[in-house]
Protein chains: 2
Amino acid sequence: MALGRPRAFDMERALDRALEVFWRKGYEGATLCDLTAAMGINPPSLYAAFGNKEGLFRRALDRYETLHEASWNDALAAPTAYEAIARLLESTAISLGDKRNPPGCLMVQGALCGGEECDAVKQELTARRDASVALIRERLRRAKREGDLPDDADPAGLARFVATVIHGMAVQAAGGASRKELERVAATAMTAFPK
Amino acid sequence: MALGRPRAFDMERALDRALEVFWRKGYEGATLCDLTAAMGINPPSLYAAFGNKEGLFRRALDRYETLHEASWNDALAAPTAYEAIARLLESTAISLGDKRNPPGCLMVQGALCGGEECDAVKQELTARRDASVALIRERLRRAKREGDLPDDADPAGLARFVATVIHGMAVQAAGGASRKELERVAATAMTAFPK
DNA sequence: AGGATTATTTAGTGATTGCTACATATGTAT
DNA sequence: ATACATATGTAGCAATCACTAAATAATCCT
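Nothing here was measured: the structure is a model prediction, and the numbers come from that model.

### Overview of the overall build of chain A
Moving on, step 1. Of the regular secondary structure elements, chain A holds 9 helices and 0 strands.
Moving on, step 2. By principal-axis analysis of the C-alpha atoms, chain A measures approximately 60 × 40 × 30 Å.
Moving on, step 3. Put simply, of all contacts in chain A between residues at least 6 apart along the chain, 69% involve residues at least 24 apart.
Moving on, step 4. Placing the 27 positive and 27 negative side-chain charges of chain A at their respective mean positions leaves the two points 3 Å apart.

Okay, structure coming up:
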């Protein structure tokens, strides 16, 4: 067992509460007071466990990605590229339309812009969004090798289009769009996808 | 002429500077210190002219919309719905890809989320984004009446799809996407549009 | 039992936030 | 000239920001 006095709060549970706050208010809008209140701990405990606000945010980002990893993997594991992207957009609509979650997407609204003190966080989010574009692109490249996409298809361009639709759906959801509306957007987007 | 001591700064010029700051940092991230420095005035002048930070932001929003009004009107005035949307997406790509502007779109990143003190601003932005969806929808309804869109076309759904792509492009642009990449996204989106 | 190590609570820190009181400056109306 | 009305610069307001010093509490190891 670890040395010293044991931690009195549950890390994962506290992280989930912090995630909820960041998701709802963004990096800049989430105050330490909000965070400690939601997590049920005092500032020194937060700093001992996570370093600082930015460290906590990065951990919350990891947690957020973990929560969505399974549905992304499931979607991209579909036999054809078309089906993979269709499932990806559908699961995005379901997740963004779920009113049990805060509205919108942490990867988008966590820090699209802001004061200089959140430049690093802004960069981190951009990098993670780009990583998800790369994930889609690789799936489409594979599809092209497997003859599943036409030879003249452009995996990079299509991947960016799909990501654009996903991020646009996140903006719609932040503005209160329903699951049905998001699913309709997803279905329309799929008509742009080579079959 | 107006009574009292005349204003020593140019309102429009000052508003443009404020717009630039809000555009780059968002409503929450823009401090009054940033704003007064950029506008070249002291806080009391700002408050006398604009009421408070939120009032200044709303004026900056008006100015932002004015700047984009012409290209929106031009695009939607195209003879066919297809061409109207194509032009709309193209001009969006050009505007968002113009490195002389701050990255991204004020309507999106101005306040997607944030602390409670910016709830009103968040609502205002949502309302204005919804208004632009309505603008597109009305153009598509007209197209349907004119036989320019198939009878089974869904103007509301298509309008929301187009808005979703535009807002997604704004997120890409905030992350540094180039004009070319945005134009490619726009072109791909158009393949989902009935011709 | 006693020392070492880590967590927690309390109570703050200096810096920055949006905003304003007050005195002064600059214009018009009479 | 005097009164009135509005704008400006100086200086600073209370509140909140992210963060921490210091004392105490709870565990392990010897």
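### Considerations on the protein's contact with DNA strand C
Moving on, step 1. Inspection of the region around DNA strand C gives 23 residues, with Arg5, Ala8 and Asn42 of chain A together with Leu32 and Tyr47 of chain B positioned closest.
Moving on, step 2. Backbone atoms, meaning sugar plus phosphate, form 68% of the atoms of DNA strand C positioned within 4 Å of the protein.
Moving on, step 3. At 2.9 Å, a side-chain N or O of Ser45 of chain A approaches a phosphate oxygen of DNA strand C.
Moving on, step 4. Between DNA strand C and the protein, one listed contact pairs a phosphate oxygen with a side-chain N or O atom of Tyr47 of chain B at 2.7 Å.
Moving on, step 5. Elements that contribute at least two residues to the surface near DNA strand C include exactly helix 3 (43-50) of chain A together with helix 3 (43-50) of chain B.
Moving on, step 6. At 3 residues, helix 3 of chain B tops the list of elements feeding residues into the surface near DNA strand C.
Moving on, step 7. Split into classes, the residues belonging to the surface near DNA strand C amount to 13 nonpolar, 6 polar and 4 charged.

### Concerning the protein's contact with DNA strand D
Moving on, step 1. Around DNA strand D, 22 residues are found, and the nearest of them are Thr31, Leu32 and Tyr47 of chain A together with Arg5 and Asn42 of chain B.
Moving on, step 2. At a separation of 2.9 Å, a phosphate oxygen of DNA strand D approaches a polar side-chain atom of Lys53 of chain A.
Moving on, step 3. Contact distances for DNA strand D include 2.5 Å between a phosphate oxygen and a side-chain N or O atom of Asn42 of chain B.
Moving on, step 4. Ranked by residues supplied to the surface near DNA strand D, first place goes to helix 3 of chain A with 3 residues.
Moving on, step 5. Class assignment for the residues of the surface near DNA strand D results in 12 nonpolar, 6 polar and 4 charged.

### Observations regarding the relation of the copies chain A and chain B
Moving on, step 1. After a rotation of 180° and a shift along the axis of 0.0 Å, chain A superposes on chain B with an RMSD of 0.1 Å. With respect to symmetry, the two chain copies, as superposed, fit the operation of a two-fold axis.
Moving on, step 2. When the interface residues of chain A are mapped onto chain B, 100% of them again fall at the interface, so both copies present the same face.

### Here we look at the pattern of salt bridges
Moving on, step 1. Counted according to the given criterion, the structure contains 38 salt bridges over all chains.
Moving on, step 2. With a closest N to O distance of 2.4 Å, Asp154 of chain B and Arg184 of chain A form a salt bridge. One end of the pair, Asp154 of chain B, is in the loop between helix 7 (119-145) and helix 8 (155-174); the other, Arg184 of chain A, is in helix 9 (residues 179-190), on a second chain.
Moving on, step 3. A relative accessible area of 25% means that Asp154 of chain B is categorised as partly exposed.
Moving on, step 4. Judged by its relative accessible area of 46%, Arg184 of chain A is partly exposed.
Moving on, step 5. Note that Asp98 of chain B is salt-bridged to Arg100 of chain B, the shortest N-O span being 2.7 Å.
Moving on, step 6. For Asp98 of chain B, a relative accessible area of 21% gives the class partly exposed.
Moving on, step 7. The class for Arg100 of chain B is exposed, based on a relative accessible area of 72%.

### Observations concerning the packing of aromatic side chains
Moving on, step 1. According to the stated counting rule, one finds 10 aromatic pairs over all chains in the structure shown.
Moving on, step 2. Each ring, one from Trp23 of chain B and one from Tyr64 of chain B, has its centre 4.9 Å from the other, and the planes form 90°; the classification is edge-to-face. Placement of Trp23 of chain B in helix 1 (residues 11-29) and of Tyr64 of chain B in helix 4 (residues 53-76) is noted, with a sequence separation of 41 residues between them.
Moving on, step 3. Under the relative-accessibility criterion, Trp23 of chain B is labelled buried at 6%.
Moving on, step 4. Of the residues examined, Tyr64 of chain B reaches a relative accessible area of 5% and is grouped as buried.
Moving on, step 5. With centroids separated by 5.1 Å and ring planes inclined at 65°, the aromatic side chains of Tyr27 of chain B and Phe57 of chain B adopt a geometry described as edge-to-face. Note that Tyr27 of chain B is positioned in helix 1 and Phe57 of chain B in helix 4, a separation of 30 residues in sequence. Here the two residues Tyr27 of chain B and Phe57 of chain B agree in accessibility, since each one is buried.
Moving on, step 6. These aromatic residues form a ring-pair network of at least three members: Phe22, Tyr27 and Phe57 of chain A.
Moving on, step 7. Over the aromatic face of Tyr27 of chain A sits the side chain of Lys53 of chain A, whose NZ or CZ is 4.7 Å from the ring centroid.

What counts, and where the lines are drawn
Residues numbered from 1 in each chain as written. Chains lettered and ligands numbered in written order. Predicted model: local features only at pLDDT ≥ 70, side-chain atom pairs only at ≥ 80, totals over all residues. Heavy atoms only, no water. Helix = DSSP H or I, 4+ residues; strand = E, 2+ residues; numbered from the N terminus. Contact = heavy atoms within 4.5 Å. Lys, Arg positive; Asp, Glu negative; His and termini not counted. Charge placed at Lys NZ, Arg CZ, Asp CG, Glu CD. Near = heavy atom within 4 Å. Polar contact = N/O pair within 3.5 Å; in protein donor to acceptor, adjacent residues only side chain to side chain. Nonpolar A, V, L, I, M, F, W, Y, C, P; charged D, E, K, R; others polar. Least-squares fit on C-alpha atoms with pLDDT ≥ 70 in both. Salt bridge = Lys/Arg side-chain N within 4 Å of Asp/Glu carboxyl O. Buried < 20%, exposed > 50% of the residue type's maximum accessible area, 1.4 Å probe, protein only. Phe/Tyr/Trp six-rings, centres within 6.5 Å; stacked < 30°, edge-to-face > 60°. Lys NZ or Arg CZ within 6 Å of the ring centre and 35° of its normal.

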